[in-house]
Structure formats: structure tokens, C-alpha cells
Amino acid sequence: MAYYLAKIVITTLLIVLIAEIAKRSSFWGAVLASVPLISVLAMIWLYVDTKDIAKISALATGVFWLVLPSLALFVTLPLLLKQGLNFYLSLSVSLIVTVACYWGMVTVLNHYGVKL
């Protein structure tokens, strides 16, 4: 139980730290947010829990392919905000676009035999 609490605390602290840094500097917040800290932590936790290199490799491959459609959020959101749309509406539309891009990527990968 203590191990799971430690995982939660460490992961949460990193997210809060990045948000606090972003308040002071959008550049440094973006740098830290763009580093795949959560993915690296997930791989570390998975390795510690399972010692299964195949699962870690599969996770890393899945993250690679799914980072591409996630970029749609970072293109759509600022465009909508610059058009004057409300933040929550812009975020909602951006998330819908991103989900559609995820669906499209998974569909294309399945077509070419790539299983995530």
C-alpha cells in the first residue's frame, strides 16, 4: 500500500510542479510538460512492478504511435482560443478532435497490422 501511495504522490507532485512553473514561465512550463515524464514514470513503475521488458517495449511503442494524434490538441486549442472562443468550449472541441485523431490513428495502424 505504501508503494502505491508513493507512486501517486511522486506522480502528482510532478504534475503540480509543472503547473506551478508554467504560472511563472510558459516557456519552462512547456519544456517540462513536453518531456515525457509521465511516460517515463509509467515505464519505471511497470518495470518495478513486473520486470517485464516486453510490456515496457509495448508501452513505449504504443506511446510513440499515440503521441502523433495527441498533437492535434496542441494545434486546435490555440487556434480556437485565438478565434475568441471560450476556453472550455475550445478545450472541449480540441479534445473531441484529438479523440477523432486517436481513432483515426488506431484504425490506420490496425489496417497495416500494427497492434497496440
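About the thresholds
Residues numbered from 1 in each chain as written. Predicted model: local features only at pLDDT ≥ 70, side-chain atom pairs only at ≥ 80, totals over all residues. Heavy atoms only, no water. Helix = DSSP H or I, 4+ residues; strand = E, 2+ residues; numbered from the N terminus. Expected span 1.5 Å × (residues − 1). Contact = heavy atoms within 4.5 Å. Buried < 20%, exposed > 50% of the residue type's maximum accessible area, 1.4 Å probe, protein only.

Focus: helix α3 (residues 37-50)
End to end, α3 covers 20 Å across 14 residues, agreeing with the expected 20 Å (1.5 Å per residue, within 8%). Buried-residue contacts for α3 involve α1 (2-24) and α4 (53-82). Downstream of α3 by a residue or two, K51 has a phi angle that is positive, lying close to 55°.

Let's talk about unusual backbone geometry
The phi angle at K51 is positive, at roughly 55°, despite the residue not being glycine. For K51, the position within the fold is in the loop between α3 and α4. The exposed category is assigned to K51, whose relative accessible area is 51%.

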